Amino acid sequence: HKAQPLLSTFEVAPGIRMSDVVDRDLFEMLYRKNEFKRPHLEAILRKSGVSADEVLFIDDNERNIESVSHLGIVAVHVPRGLSETTWAEVLKTYHTEHQLDG
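1. A closer look at the pattern of salt bridges
Working step 1: With the rule as written, the count across this model stands at two salt bridges.
Working step 2: Across the pair Lys37 and Asp59 runs a salt bridge, and its minimum N-O distance is 3.2 Å. Taken together, the residues span a long stretch of sequence, with Lys37 in the loop between α1 (18–21) and α2 (38–48) and Asp59 in strand β3 (residues 56–59) at a distance of 22 residues.
Working step 3: In this structure, the salt-bridge partner of Glu42 is Arg38, at a minimum N-O distance of 2.8 Å. Of this pair, Glu42 and Arg38 both sit in helix α2, four residues apart, which is roughly one turn of that helix.

Shown next, in the form of C-alpha cells:
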C-alpha cells in the first residue's frame, strides 16, 4: 500500500516513528462507492481498539476528510500533500484539538 513507506518518515514523538506504533495489518483498504475513507477508518478503529478521539487522519482529498469527520477523529485536509512543515502544522492542530477537549 502506498501509505506504508510514510510510516517510517514521520515522528509521532521524539525518537518514535509512525512505523513503530502502527500495525501494518491495519492497512486493509475498504472502498465503497461514494463512502470515500469512512469504511477504512471505521475498520481501523474497530480492529485497533483505539479511541476515535486519539486518531489523527490526514488526507489531500477533502471528500475523504468530510467522510470521516463525524467519527470523532481529528481530520486535517492537506491539499498540497504532506511535507515536514505540513506534518508539524498538523501535529499542532491535533494537540490544539485535544487541549480544547480536555
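There's more to say after this.
2. Section: the nonpolar core
Working step 1: Among the nonpolar cores identified, the biggest contains nine residues, and these are Leu41, Leu45, Ala52, Val55, Phe57, Ile65, Val68, Leu71 and Ile73.
Working step 2: Going through the elements one at a time, α2 and α3 (62–68) are the ones with two or more residues in this core.
Working step 3: Among residues more than four places away in sequence, those in contact with Ile73 are Leu41, Ala52, Val55, Phe57 and Val68.

3. Comments concerning the confidence of the model for the chain
Working step 1: In this model, the chain carries an average pLDDT of 82, and 84% of its residues clear a pLDDT of 70 or more.
Working step 2: The secondary structure element of the chain with the lowest average pLDDT is strand β1 (residues 11–13), at 76, and the one with the highest is α3, at 95.

Scoring rules and cut-offs
- Residues numbered from 1 in each chain as written.
- Predicted model: local features only at pLDDT ≥ 70, side-chain atom pairs only at ≥ 80, totals over all residues.
- Heavy atoms only, no water.
- Salt bridge = Lys/Arg side-chain N within 4 Å of Asp/Glu carboxyl O.
- Helix = DSSP H or I, 4+ residues; strand = E, 2+ residues; numbered from the N terminus.
- Core = buried A, V, L, I, M, F, W, Y, C linked by side-chain atoms within 4.5 Å.
- Buried < 20%, exposed > 50% of the residue type's maximum accessible area, 1.4 Å probe, protein only.
- Contact = heavy atoms within 4.5 Å.
- pLDDT = per-residue confidence, 0-100.

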